[in-house]
Structure formats: C-alpha cells, structure tokens
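Fold and geometry: a report
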Amino acid sequence: MRDSPVLPKAVIRRYTDKRGTDQYLVIRWDLDPAERRLMAVCESLERADDLVRYDNTPTGGYWLGPPNPHPAG
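A brief report on the enclosed structure follows. (Residues numbered from 1 in each chain as written. Predicted model: local features only at pLDDT ≥ 70, side-chain atom pairs only at ≥ 80, totals over all residues. Heavy atoms only, no water.)

Counting its secondary structure elements, the chain contains one helix and three strands. Within the chain, the fraction of its 73 residues that count as buried is 15%. Taking as baseline every contact in the chain between residues at least 6 positions apart, the subset at least 24 positions apart corresponds to 19%. Here the chain has roughly 5700 Å² of accessible surface; of this, 55% comes from carbon and sulfur atoms. (Helix = DSSP H or I, 4+ residues; strand = E, 2+ residues; numbered from the N terminus. Buried < 20%, exposed > 50% of the residue type's maximum accessible area, 1.4 Å probe, protein only. Contact = heavy atoms within 4.5 Å. Areas by Shrake-Rupley, 256 points an atom, 1.4 Å probe, with all protein chains shown as cover.)

Rendered as structure tokens:
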C-alpha cells in the first residue's frame, strides 16, 4: 500500500506463463472491480514495485513516502 492505510494504490500479482517464467501484473486498485485497470506487465517484482508511485504530498510537515525514482533512471 502506498497512499492510504486502508486502500492500496495498486496490486501486484504474480503469474507463471506456460514457459515457466514469472510475470508480474500491476493493477490499479479500486473498490469496484469494474474500475480496476491493468497498468503494466513486468518480468521482475522489483520493476513492478518501482512503477507504483508514492504520494509525496507533505502532510503535517512530513512526507508520506520515500521519493519517487527519477523517470529516466
């Protein structure tokens, strides 16, 4: 979970394809299943996790999460 202590921003699901390779699906979370969207398919959990951004809006004088990685890096 990134932004809310109750609702996640995204869900990452691991599936194994017929070649035996793990694939990680990044799905934008919504309470309504019809509103959930596939955002990316990645070959590593680390890459999938990097795609889920933190909300860095300061609240009460502190940041909610670590800085987002640079888009080019």
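Taken as a whole, this structure holds two salt bridges when the rule is applied. Between R14 and D22 there is a salt bridge; the shortest N-O distance is 4.0 Å. Look at R14 and you get exposed, because its relative accessible area is 56%. For D22, a relative accessible area of 27% puts it in the partly exposed group. (Salt bridge = Lys/Arg side-chain N within 4 Å of Asp/Glu carboxyl O.)

Within the largest apolar cluster, six residues are counted, these being Y24, V26, A40, C42, A48 and V52. For this core, the secondary structure elements donating two or more residues are β2 (22-28) and β3 (37-42). The residues contacting C42, other than those within four sequence positions of it, are D22, Q23, Y24, V26, R47, A48 and L51. (Core = buried A, V, L, I, M, F, W, Y, C linked by side-chain atoms within 4.5 Å.)

Moving on, we get to the sheet that holds β2. One open sheet accounts for three strands, arranged β1-β2-β3; its pairing is antiparallel. Edge positions in the sheet fall to β1 (10-16) and β3, since each of these pairs with one other strand and no more. Here the strands of the sheet are splayed against their neighbours by 25° on average, with no regard to which way each runs. In the sheet, β2 pairs with β3 via five bridges, with the strands oriented antiparallel. Counted as the bridge partner of I27 is L38 from β3. (Pairing = 2+ DSSP bridges. Axes fitted to C-alpha atoms, helices over the stretch in contact; angles between N-to-C directions.)

Relative to β2, β1 runs antiparallel, the two sharing seven bridges. When the sheet's bridge partners are listed, Y15 is paired in β2 with Q23. Hairpin geometry of β1 and β2 is characterised by an intervening segment of five residues between the two adjacent antiparallel strands and by a positive phi of about 90° at G20.

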